[in-house]
Amino acid sequence: MSNISKVNGVNIWWEEFGNRENPTILLIMGAYANCKAWPQDFIDKLVDENYHLIKFDNRDSGKSTWFGKRSPYENYLKFIPSILLKPIISFFVFFFSKKITDRKKVKSPYDLNDLTKDAVSLLEELKINKAHIVGASMGGLIAQIIGIKYPEKVKSLCLLITTPGRNEESLSPPNIKFLKGMTESALMMIKGKQKEALVKTFTSSIGSKYEYAKEDILKNMKSFIEHGYNPYAYHSNAINKSKSHSEELINISCPTLIINGSEDPLLPIDHGKALNKLIPKSELFIMDGVGHEIPEDLIPEITEKMVKNFKKS
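Residues numbered from 1 in each chain as written. Predicted model: local features only at pLDDT ≥ 70, side-chain atom pairs only at ≥ 80, totals over all residues. Heavy atoms only, no water.

Undergrad: Where do I start with the environment of Leu 266 in this structure?
TA: With respect to the helices, strands and loops of the structure, Leu 266 is situated in the loop between strand S7 (256-261) and helix H10 (269-278). Residue classification places Leu 266 among the partly exposed residues on the basis of a relative accessible area of 25%. With 91 residues separating them along the chain, Leu 266 and Asn 175 place their C-alpha atoms 6.7 Å apart. Those residues within four positions of Leu 266 in sequence are excluded, and the remaining contacts are Pro 174, Phe 178 and His 292. (Helix = DSSP H or I, 4+ residues; strand = E, 2+ residues; numbered from the N terminus. Buried < 20%, exposed > 50% of the residue type's maximum accessible area, 1.4 Å probe, protein only. Contact = heavy atoms within 4.5 Å.)

Here it is, written out as structure tokens:
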């Protein structure tokens, strides 16, 4: 069943799977991705384990309220020859990948605290007192804040391909290959090649262990695109606008599973190791040869480890 609920001043689209009498898992997706990015096999496995799942679109994505919109200037940029436009895009991609030193200068109509409040308000709207919180990438940052600020709502945490904070000085930045891929993707997007841009983003994010045919990538992206893809969301700005909560991670006491890829080009493996060090009694599962992805072949192992962590609560 799917629905739209007005929570925290915005419309949030959500969908649920399984029996509501079973323990609830709240799935929180990452930046620029709507909730259709969660693999259906992943959801089905957890339903088969007798869990009730809720996934939802973060604000500025999918069918939830959007804030970010295409700039009218892009209508003119697409007429600039690619050979001239690419260096300009590259400059901005590399510039905005740098760590933010003054978050107060970042412009965004919301921050991670607002996104966190959206998730918690949705649980309250659905009359779910407590849930297992599973967050991927930016969703992992939101899950951490829920664990810190709303511990009474949390049975356990699962933090997938995420970080204690991308602006932490001690942690590695995105690698050059990934940033070059994002430059190509942004160029394709400006030129009106949305599908090609998304394929480039995906292939720039993966590790070396698994191969993906372009046809399969496009097939998996079909429902994602049709559901509502907003490349102009303020998600990155929301992350950069938010203060670091890394010093508060020691206060998380619920069972916590951290899952990161050894070859993640966006959030290198030291981000996952840092989370494991900062969160007491947490467990780290490193997916060897995997990037910023949830490989289909690893879903049985990932869900098995998740269920084991759920049962600790």
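Undergrad: Help me out: how do you make sense of unusual backbone geometry in this one?
TA: Across residues other than glycine, the phi torsion is negative in most instances, and most of the peptide bonds are trans. Residues other than glycine seldom take positive phi values, yet Asn 8 does so here, at roughly 50°. For Asn 8, the position within the fold is in the loop between strand S1 (2-7) and strand S2 (10-17). Its identity is not glycine, yet Tyr 32 carries a phi of approximately 70°, on the positive side. Of note, Tyr 32 is situated in the loop between strand S3 (24-28) and helix H1 (40-48).

Undergrad: Quick question: what am I supposed to make of the environment of Val 290 here?
TA: Mapped onto the elements, Val 290 comes out in the loop between strand S8 (283-287) and helix H11 (299-310). Along the sequence, Val 290 and Phe 94 sit 196 residues apart, while their C-alpha atoms lie 23 Å from each other. Contacts of Val 290, omitting those with residues within four sequence positions, involve Gly 207, Tyr 210, Gly 261, Ser 262, Glu 263, Asp 264, Pro 295 and Leu 298.

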